[in-house]
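# Descriptive structure summary
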Amino acid sequence: MSSVETMRTFTYRTLAAAAQVEIGAGGRGDIHKLTAASVMFAADSVHTVLDKSMQIHGGAGYIWESEINRLYRSIKLLEIGAGTTEVRKMIIAGELLKDMPR
């Protein structure tokens, strides 16, 4: 359950930071890194929770019409929507390395 609470806190922190950004000013810098990390963490956390749910429900969770199955299939959109996890990692790394002395 701690991953759900961490995901919620991370999301709220990201939303609070995004609220401070002027319209049209987002897209690069700390907010870009924070949103990429937040979405990546949320996707990974939801995938883990749904995987555990599928294990708990067993065959009933695997049935096409079940809610667990629908959510399990839908998590892929969060993982690849607006950029894959690999793209998010490149965004985070790029923003972290940008400020390093050369």
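Described below are features of the structure shown in this document. (Residues numbered from 1 in each chain as written. Predicted model: local features only at pLDDT ≥ 70, side-chain atom pairs only at ≥ 80, totals over all residues. Heavy atoms only, no water.)

Among the nonpolar cores identified, the biggest contains 5 residues, and these are F10, L34, A36, A37 and I92. If you tally residues by element for this core, the top one is helix α2 (residues 30-57), at 3 residues. Leaving out residues up to four positions away in the same chain, L34 has contacts with F10, R13, T14 and A17. (Core = buried A, V, L, I, M, F, W, Y, C linked by side-chain atoms within 4.5 Å. Buried < 20%, exposed > 50% of the residue type's maximum accessible area, 1.4 Å probe, protein only. Helix = DSSP H or I, 4+ residues; strand = E, 2+ residues; numbered from the N terminus. Contact = heavy atoms within 4.5 Å.)

Time to look at the packing of helix α1 (residues 2-19) against α2. Helix-helix packing is described using two parameters, namely the angle between the two axes and the distance between the axes. Where α1 contacts α2, the axes come no closer than 9 Å and their chain directions differ by 155°. By the angle between their axes, α1 is roughly antiparallel relative to α2. Where α1 crosses over α2, the handedness of that crossing is left-handed. Each of S3, V4, T6, M7, F10, T11, R13, T14, A17 and A18 in α1 lies in contact with α2, whose residues at this interface are I31, L34, T35, A37, S38, F41, A42, S45, V46 and V49. Residue classes in the contact of α1 with α2 are distributed as 12 nonpolar, 7 polar and 1 charged. (Axes fitted to C-alpha atoms, helices over the stretch in contact; angles between N-to-C directions. Parallel < 35°, antiparallel > 145°, perpendicular 65-115°, else oblique. Left-handed = near helix turned anticlockwise from the far one by under 90°. Nonpolar A, V, L, I, M, F, W, Y, C, P; charged D, E, K, R; others polar.)

Function cannot be read off these values alone, since they describe shape.
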